[in-house]
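# Per-entry structural report
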There are 2 protein chains.
Amino acid sequence: MKHFVDTLHISGIREFSEMYINKEDCIFLTIGEPDFNTPTEIKDALKLALDENHTHYPPICGNHELRQRIAKLESMSFFESYTENNVIITNGATEALILAMGVLLGHGDNVMIPTPCFPLYQTQALLTGAEVSNYDTSTHGFQLRYHEFSKHIKENTKVIVLASPNNPTGIVYDEESMITLHRLMEEHPDLYVIIDEVYRSMIYEGEYPSIRDYESTIDRVILVQSFSKTFAMTGWRVGYAVAQESLIKQMNAFHQNLVTGVATFIQEAAITALDVDTQFMLDEYDHRRKYLLKRLALMDVDYIRPEGAFYIFIDIRKYGMDSYTFCKQLADELGVVIIPGIFFGTEGFARISYGANMDSLENGLDRLDQFIREFCL
Amino acid sequence: MKHFVDTLHISGIREFSEMYINKEDCIFLTIGEPDFNTPTEIKDALKLALDENHTHYPPICGNHELRQRIAKLESMSFFESYTENNVIITNGATEALILAMGVLLGHGDNVMIPTPCFPLYQTQALLTGAEVSNYDTSTHGFQLRYHEFSKHIKENTKVIVLASPNNPTGIVYDEESMITLHRLMEEHPDLYVIIDEVYRSMIYEGEYPSIRDYESTIDRVILVQSFSKTFAMTGWRVGYAVAQESLIKQMNAFHQNLVTGVATFIQEAAITALDVDTQFMLDEYDHRRKYLLKRLALMDVDYIRPEGAFYIFIDIRKYGMDSYTFCKQLADELGVVIIPGIFFGTEGFARISYGANMDSLENGLDRLDQFIREFCL
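Cut-offs and rules
- Residues numbered from 1 in each chain as written.
- Chains lettered and ligands numbered in written order.
- Predicted model: local features only at pLDDT ≥ 70, side-chain atom pairs only at ≥ 80, totals over all residues.
- Heavy atoms only, no water.
- Helix = DSSP H or I, 4+ residues; strand = E, 2+ residues; numbered from the N terminus.
- Rg over C-alpha atoms; globule rule 2.2 N^0.38 Å.
- Contact = heavy atoms within 4.5 Å.
- Areas by Shrake-Rupley, 256 points an atom, 1.4 Å probe, with all protein chains shown as cover.
- Lys, Arg positive; Asp, Glu negative; His and termini not counted.
- Charge placed at Lys NZ, Arg CZ, Asp CG, Glu CD.
- Least-squares fit on C-alpha atoms with pLDDT ≥ 70 in both.
- Core = buried A, V, L, I, M, F, W, Y, C linked by side-chain atoms within 4.5 Å.
- Buried < 20%, exposed > 50% of the residue type's maximum accessible area, 1.4 Å probe, protein only.
- Buried area = accessible area lost by both parts, 1.4 Å probe.
- Salt bridge = Lys/Arg side-chain N within 4 Å of Asp/Glu carboxyl O.
- 1 Å grid on protein atoms, 1.4 Å probe; cavity = no way out; pocket = protein on both sides within 12 Å on 5 of 7 lines; lining within 4 Å.
- Points joined across faces, edges and corners; volume = space filled by probe spheres on them.
- Nonpolar A, V, L, I, M, F, W, Y, C, P; charged D, E, K, R; others polar.
- Pairing = 2+ DSSP bridges.
- Phe/Tyr/Trp six-rings, centres within 6.5 Å; stacked < 30°, edge-to-face > 60°.
- Expected span 1.5 Å × (residues − 1).
- Arc of directions from axis to C-beta.
- Axes fitted to C-alpha atoms, helices over the stretch in contact; angles between N-to-C directions.

Bringing the overall build of chain A into the picture now. Along its length, chain A carries 13 helices and 13 strands. Computed over its C-alpha atoms, the radius of gyration of chain A comes to 21 Å, within 12% of the 21 Å expected for a compact globule of 377 residues. Each principal axis of the C-alpha atoms in chain A carries an extent, and together these give about 60 × 55 × 45 Å. The contacts in chain A between residues at least 6 apart in sequence include a share of 75% that link residues at least 24 apart. When the accessible area of chain A is evaluated, it comes to approximately 13,400 Å², of which 48% is carbon and sulfur surface. Computed over 31 positive and 54 negative side-chain charges, the inter-centroid distance for chain A is 2 Å.

Let's shift gears to the relation of the copies chain B and chain A. Mapping chain B onto chain A leaves a residual RMSD of 0.0 Å; the transformation is a rotation of 180 degrees accompanied by 0.0 Å of translation along its axis. These values place the two chain copies in the arrangement generated by a two-fold rotation axis. Rotation axis and chain B: the residue whose C-alpha lies nearest the axis is B:Lys47, separated from it by 3.2 Å. Comparing interface residues between copies, 100% of those in chain B also sit at the interface in chain A, which points to an isologous, same-surface contact.

Okay, the nonpolar core next. With 188 residues, the main nonpolar core has A:Phe326 and B:Phe326 as its most contacted residues. Sequence-distant contacts of B:Phe326, that is, excluding residues within four places in its chain, are made with B:Ile314, B:Ile316, B:Tyr319, B:Met321, B:Ile338, B:Leu368, B:Phe371 and B:Cys376. Among the nonpolar cores identified, the runner-up in size contains 96 residues, and A:Val221, A:Val262, B:Ala49 and B:Leu50 belong to it.

Here the focus is the interface of chain B and chain A. At the junction of the two partners, chain B supplies 67 residues and chain A supplies 67 residues. Carbon and sulfur atoms supply 54% of the area that chain B and chain A bury against each other, a total of about 5,600 Å² over both sides. When the buried surface of chain B facing chain A is broken down by residue, B:Met1, B:Tyr57 and B:Asn257 rank first, second and third, together holding 14% of it. A salt bridge links A:Asp109 to B:Lys2; its shortest N-O distance comes to 2.7 Å.

For the coordinates displayed, the defined rule picks out two cavities of 30 Å³ or more. When its volume is computed, the largest cavity comes out at roughly 80 Å³. A:Asn91, A:Ala263, A:Ile266, B:Asn91 and B:Ala263 are, among the 14 residues lining the largest cavity, the residues nearest its centre. Residue composition of the lining of the largest cavity, by class: eight nonpolar, four polar and two charged. Counted as a void, the second largest cavity has a volume near 50 Å³. Lining the second largest cavity are A:Ile113, A:Pro114, A:Pro116, A:Cys117, A:Phe118, A:Tyr121, A:Val161, A:Leu162, A:Ala163, A:Asn166, A:Asn167 and A:Tyr173. Elements represented by at least two residues in the lining of the second largest cavity include exactly strand S3 (110–115) and strand S5 (157–163) of chain A. Sort the elements by how many residues they give to the lining of the second largest cavity and S5(A) lands first, with three residues. Taken together, the residues of the lining of the second largest cavity sort by class into 10 nonpolar, two polar and no charged.

Quick look at the pairing of strand S3 (residues 110–115) of chain B now. All names here are of chain B. Most of S3 sits out of view: six of its six residues are buried. A two-sided burial pattern is seen for S3, the buried positions comprising Asn110, Met112 and Pro114 on one face and Val111, Ile113 and Thr115 on the other. With six bridges connecting them, S3 and strand S4 (residues 131–136) associate as parallel partners. Of the residues in S4, the one forming a bridge with Ile113 is Asn134.

Before going further, it helps to spend a moment on the environment of B:Phe231. Residue and element names in this part refer to chain B. Checked against the element boundaries, Phe231 lands in the loop between strand S7 (221–226) and strand S8 (239–242). Given the relative accessible area of 10%, Phe231 is considered buried. Separated by 76 residues in the primary sequence, Phe231 and Glu307 place their C-alpha atoms 19 Å from one another. Excluding its chain neighbours within four sequence positions, the residues that come into contact with Phe231 are Thr38, Pro39, Ile42, Ala273, Leu274, Val276, Thr278 and Met281.

What the second largest pocket holds in volume is close to 1,200 Å³. Together, 44 residues line the second largest pocket, and A:Gln256, B:Ser11, B:Ile13, B:Arg14 and B:Phe118 are the ones closest to its centre. Elements with a contribution of two residues or more to the lining of the second largest pocket: helix H9 (245–258) of chain A together with helix H2 (12–18), helix H5 (92–104) and helix H6 (120–127) of chain B. With five residues, the top contributor of residues to the lining of the second largest pocket is H2(B).

Another point: the packing of aromatic side chains. By the definition in use, this model includes 44 aromatic pairs over all chains. Where A:Phe227 meets A:Tyr240, the ring centres are 6.1 Å apart and the plane angle is 70 degrees; that geometry is what we call edge-to-face. With A:Phe227 in the loop between strand S7 (221–226) and strand S8 (239–242) and A:Tyr240 in strand S8, the pair connects residues that are 13 residues apart, well separated along the chain. Exposure remark for A:Phe227: the relative accessible area of 1% places this residue in the buried category. By relative accessible area, A:Tyr240 is classed as buried at 3%. Judged by centre distance (5.5 Å) and plane angle (85 degrees), the ring pair of B:Tyr199 and B:Phe310 falls under edge-to-face. You can see B:Tyr199 sitting in the loop between strand S6 (192–196) and S7 and its partner B:Phe310 sitting in the loop between strand S9 (302–304) and strand S10 (311–315), a full 111 residues away along the chain.

The next subject is helix H12 (residues 323–334) of chain A. All names here are of chain A. Between its terminal C-alpha atoms H12 stretches 16 Å, which fits the 16 Å expected from 12 residues at 1.5 Å a residue. Three or more residues of H12 are buried, namely Ser323, Phe326, Cys327, Leu330, Ala331 and Leu334. Summarising the axial view, the buried residues of H12 lie within an arc of 120 degrees, below the 170-degree limit, and thus occupy one face. Packed against the buried residues of H12 are helix H2 (12–18), strand S10 (311–315), strand S11 (336–337), strand S12 (339–340), strand S13 (349–353) and helix H13 (358–376).

Here we take up unusual backbone geometry. Each neighbour pair has its own omega, and for B:Thr115 with B:Pro116 the value is 0 degrees, a cis peptide bond. Within the fold, B:Pro116 resides in the loop between S3 and H6. Here B:Asn167 and B:Pro168 are connected by a cis peptide whose omega angle stands at 25 degrees. By secondary structure assignment, the location of B:Pro168 is in the loop between strand S5 (157–163) and helix H8 (175–187). Its identity is not glycine, yet A:Ala309 carries a phi of approximately 60 degrees, on the positive side. For A:Ala309, the position within the fold is in the loop between strand S9 (302–304) and S10.

With that out of the way, let us pick up the environment of A:Leu223. Here A:Leu223 lies in strand S7. Those residues in contact with A:Leu223 that sit more than four places away from it in its chain are A:Glu74, A:Ile195, A:Glu197, A:Arg212, A:Tyr240, A:Ala241 and A:Val242.

Another point: the sheet that holds strand S6 (residues 192–196) of chain A. Residues and elements named next belong to chain A. Read from one edge to the other, the open sheet built from seven strands follows the order S2-S8-S7-S6-S5-S3-S4, with strand pairing classed as mixed. Edge positions in the sheet fall to strand S2 (87–90) and strand S4 (131–136), since each has one partner strand and no second. Each neighbouring strand pair of the sheet contributes to a mean axis angle of 20 degrees, computed without reference to strand direction. On top of the sheet, helix H5 (residues 92–104) reaches S2, S5, S6, S7 and S8; it is set at about 160 degrees to S7, its chief contact. This element, helix H8 (residues 175–187), spans S5, S6 and S7 of the sheet and lies at about 150 degrees to S6.

So, in structure tokens, the structure goes:
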């Protein structure tokens, strides 16, 4: 494993942000988490679990009630009838992803990760010993189109990893993308899909087509989910994976060797979280999103229209700078930090997060406007 | 990685215990955790962190203050002056161990694990792609003796993993064992030692010689520690590793790919834990230990005298049964569950835990006495 660990480095996103951490009067539109605090009901549930001394070892695979609740929740929209045996509770989506890749991938395998994507997928895939291929979706509206995408699937491609809604674009993969995925899975009977739905609850417009709508391939889909974004619980480190029972068993054995389990009282509070209404957060994000779209249009900045998550991917190609140079100059000159598209595998774009509050957004957009007028035109 | 994950299975210890979970009137002397609840001060610190809305992402490598406190604590007894850059906060000792093995071991490497040992070491080592060798310490009083042990160190042995105090024996490795380790490290300049000290705070008699006493090899020692046993925090899943800075950096990159980090408010409560006096727990364990030693002597049951942890390894060789048969019969016939030595890699012994309360111990020992008289003589 050391040969793979040797190749790892701390995320470029974090590194880029941290360059400006001590710079005065900087606005960070980089944040990958809600600015909301965790709702009080969830914190109270944790306190109650502590008062009841639920401080002893958790069941390795997770709290039974929590797994049952998740099985029911994840069965609702689909024909699939999951039970708790289809669910494992993990240390955030991060651990769910490495568990899924760890049981599916090894030396000699290929994993297809459409870009732009959250960079963690790439490093995790490399840790398993697999080789990584990418497919640049920017040439097809950030969607998957069979005619092009199928050319990139190799004989040894075992897994496709993707997030919908996507980070960094905020795009929801459309029905044609799902038909493409399904068709590829039918053509390649050993091909699995790991679908990261951590932004699933944050969809502001349009439908949510899912690879889980196709019964014939559902056994080869691993769903990865987290409490982080939906319930403003990033610091709690709790998420889960849903998959066929035999995969969950293998993931559980792996999980036991990585972490033993997720803190007992956190899992109990997560049960309460499932009942919390988070509509007020979504309304606020949508408000910010609409503000951003309006401002960017007025500033004549091109962008990819986001349907979900809390990111907007602006198109900077017309300014004749690569994304790192653009973002570095913007931060150096006007103190606004946004993330270069290249860190997500796609040049010519940059990611603005609206996890930040309205004041930061207004001020940040004012400065971006000034930057473009002074340095880009 | 899937090739290694395929070989994993759920711990034999858990599986054996779970066979009897629905059996009526069963006494479990199997437990690997304190029966104490987490002290109130630590729970209160967590509640305060929640009230202050410390619910957002943690620093990946861990809370700065916690790392500083640990650096100071771990520097005290040794000449080494650790800083926070020598410390990473992990999801229990389990994650600290896989991080350490992950950065040190790969395909083609050998890892030496003296037995009996906690079985997790073996499966974690296999996950890295390394091959595992064992050395049976039972022939030398469960200690390391250069003349024999050195024969088992190969050219490609990169790491020795051991716990002191040991689980399952409760033995503390003596000075001659440490001299042996140090001599081997001097002879093999690429050889590292991972020392698991999760039972370090629970030593009831004798000294604690440490491989960290030797300055010339300290850079190749990785210390693994947990809050679980010392502070009765098994359900909190928080521990740490201490090592040279370059190793911590690599472990941190790996850590980011496994879990992102440890829950923010748990790390804050862990700072408070470091100030909590746990002497009352140690006194109670020592009381139980002395009770067990006296009872076993009266029953003429042989045992390895434990100096630490909360286990006693009884010697069942004179009863003419292998350890699995002995423990299964004891559980089937008299409803006392203890763990077969074979699960720790050593035949002819069985582990009794005194993590259980006095009532269970008294009742369990009565039944063990009856079992030996009725089935073993």
